[in-house]
Structures are given as structure tokens and as C-alpha cells.
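Take a look at the letters that make up each chain.
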Amino acid sequence: MPKRVETIVMHDSATPVIGDTQKGGSVVLTTLDTLVSQARANALWPLTFGLACCAIEMMSTVASRFDLARFGSEAFRATPRQADVMIVAGRVSKKMAPVLRQIYDQMPEPKWVISMGACASSGGVYNNYALVQGVDQVVPVDVYVPGCPPSPDALLYGVIKLQQKIKRPKGSFSELQLTETKPRDLEHDAMMDKRLKARAGK
């Protein structure tokens, strides 16, 4: 009886999949924006910015149990000039806020921010004069990771969500915004269109 060899190819969830590409033999056709966004999303270098107890959970994401390296983000940088993701882990005091902003300004573009934990996201249980009630008052935040403290896999989920945000093509339908208009404005716009067409016809 002849032996039959079967090849089973399974896709690992950590392996990056290039979206909107056309495979044809040994040629891959895609746009430059897609290629650059894939490279950016799968090579995020976080900045070590641990402020409180959430920092312990952030540090454990690079340990062997959770292994942030599967997503290309294991290279925590100690200088803002080499990092492109700031993970704000813990509560931000009013004295620390200008320092956080200065470090954020020193990061090269494009840059992203993950707010880790309830204290960084909303001030947590510390509603007093000394703490900033949400780091989004200091820097723009892309992803919020809830919890007190959030588990390391919650931070991994936040990193995955940030990667999806970076990979999203510019001008996609998910970025469209609804604007509220009044019927009176619509009538005015229609009247202006009629006048412009009448002038163009003369």
C-alpha cells in the first residue's frame, strides 16, 4: 500500500495576514499604503512609561507566558526617540502631566498611545486634586484598556486593536462621520445648486 503524504497548512493567529493583496504565483500586488501600514502595525516599539501598579502587568506581557514578541512589540525602548507607542500604565499626577507631554512630543511621527488601566483612562478611584482625571486630557489616546489593574492578556488585546487601527486603510467607510443638518440648510444648498447650474448654462 503506497504511503500518502498530506500537507496541512494552518494559519497561526500571530502570523500577519496582508489584507487586500492579490496573490499570483510569486508576485504580490498591493498598494504602498497597505504595505507600509502592515510594516508599522507588526513592528510597534513601546515606550517604557510605567507609573503605578499597572506597570507590573505591562512588564509581564513580555514574559514567556504571554509573549508580546508574537505581535512584534517586544522591543521596549527607554528613549522616546526610538519608540512609536506610549503605553501609559498607571495614574498620572498633575506634576507628571507636563513630563508625559514632553516625552510624547519627543516621539517621532507616526505615534500612538495606549491608556492602560482605570487610573490612566479616567482617574480611577482617585478623584482628587493631585491626579489627572484621564490621560486624554494630556495626550491623544488611541486605545483604552480597562481594568484595575488590567491583566496582561487585556493589554495584548489592546495591542491587537491598535494594530487593526493602524492596518485600516485611510478613507475607509469606518472613518466616515455623520453630520447633523437641518432641512433649512438642505433647501438652501439645493437653491444654490440651481443658481450655479443656471449661471453655467448661460
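Reading guide: rules and limits
- Residues numbered from 1 in each chain as written.
- Predicted model: local features only at pLDDT ≥ 70, side-chain atom pairs only at ≥ 80, totals over all residues.
- Heavy atoms only, no water.
- Helix = DSSP H or I, 4+ residues; strand = E, 2+ residues; numbered from the N terminus.
- Buried < 20%, exposed > 50% of the residue type's maximum accessible area, 1.4 Å probe, protein only.
- Contact = heavy atoms within 4.5 Å.
- Areas by Shrake-Rupley, 256 points an atom, 1.4 Å probe, with all protein chains shown as cover.
- Arc of directions from axis to C-beta.
- Pairing = 2+ DSSP bridges.
- Axes fitted to C-alpha atoms, helices over the stretch in contact; angles between N-to-C directions.
- Phe/Tyr/Trp six-rings, centres within 6.5 Å; stacked < 30°, edge-to-face > 60°.
- Lys NZ or Arg CZ within 6 Å of the ring centre and 35° of its normal.
- Core = buried A, V, L, I, M, F, W, Y, C linked by side-chain atoms within 4.5 Å.
- Right-handed = clockwise from strand over helix to strand, strands pointing away.
- Expected span 1.5 Å × (residues − 1).

Draft legend 1. Geometry of the overall build of the protein. Of the regular secondary structure elements, the protein holds 6 helices and 6 strands. In sequence order, the protein lays out its α and β elements as β-β-α-β-α-β-α-β-α-β-α-α. Expressed as a percentage of its 202 residues, the buried residues of the protein come to 32%. Within the protein, contacts between residues at least 6 apart in sequence are counted, and of these 72% link residues at least 24 apart. Carbon together with sulfur atoms contributes 57% to the accessible area of the protein, which is approximately 13900 Å² in total.

Draft legend 2. Up close: helix α1 (residues 32–41). For α1, the complete set of buried residues consists of Thr34, Ser37, Gln38 and Ala41. The buried residues of α1 occupy an angular sector of 105° when projected down its axis, which confines them to one face. Residues of α1 that are buried sit in contact with α5 (152–167).

Draft legend 3. Examining the sheet that holds strand β4 (residues 85–89) more closely. If you trace the 4 strands from one edge of the open sheet to the other, you get β3-β4-β5-β6, paired in parallel fashion. Looking along the sheet, the strands with just one partner apiece sit at the ends: β3 (46–47) and β6 (143–145). Across 2 bridges, the pairing between β3 and β4 is parallel. Directly across from leucine 47, in β4, lies its bridge partner methionine 86. Against the sheet, helix α3 (residues 97–106) contacts β3, β4 and β5 (112–116), and its axis sits at roughly 165° relative to β4.

Draft legend 4. Looking closely at the packing of aromatic side chains. All chains considered together, the criterion is met by 0 aromatic pairs. Note that arginine 77 overlies the ring of tryptophan 45, its terminal NZ or CZ placed 4.9 Å from the centroid. A cation over a ring is seen here: arginine 91 above tyrosine 126, with NZ or CZ 5.2 Å from the ring centre.

Draft legend 5. Geometry of the nonpolar core. Ranked by internal contacts, the top residues of the largest apolar core, which has 20 residues, are Val85, Ile87, Ile114, Met116, Leu155 and Leu162. Every element with two or more residues in this core is listed here: α2 (54–60), β4, β5, β6 and α5. With sequence-adjacent residues up to four places away left out, isoleucine 87 is seen in contact with Pro46, Leu47, Phe49, Met58, Phe76, Ile114, Met116 and Leu155. The next biggest cluster of nonpolar side chains, apart from the first, holds 18 residues, and it includes Ala83, Val88, Met107 and Val132.

Draft legend 6. Representation of the pairing of β4 in the model. Where burial is concerned, most of β4 is hidden: 5 out of the 5 residues are buried. Alternating residues of β4 divide into Val85, Ile87 and Ala89 and Met86 and Val88, and every residue in both groups is buried. Traced from β3 through α2 to β4, the parallel crossover comes out left-handed. Here β4 pairs with β5 via 5 bridges, running parallel.

Draft legend 7. Looking closely at α5. Between its terminal C-alpha atoms α5 stretches 23 Å, which fits the 22 Å expected from 16 residues at 1.5 Å a residue. Of the positions making up α5, those classed as buried are Pro152, Leu155, Leu156, Gly158, Val159, Leu162, Gln163 and Ile166. The buried residues of α5 occupy an angular sector of 160° when projected down its axis, which confines them to one face. Here the buried face of α5 lies against α1, α2, β4, β5 and β6.

Draft legend 8. A look at the side chain of serine 73. With respect to the element layout, serine 73 can be found in the loop between α2 and β4. A residue is classified by how much of its surface remains accessible, and serine 73, at 2% relative accessible area, is buried.

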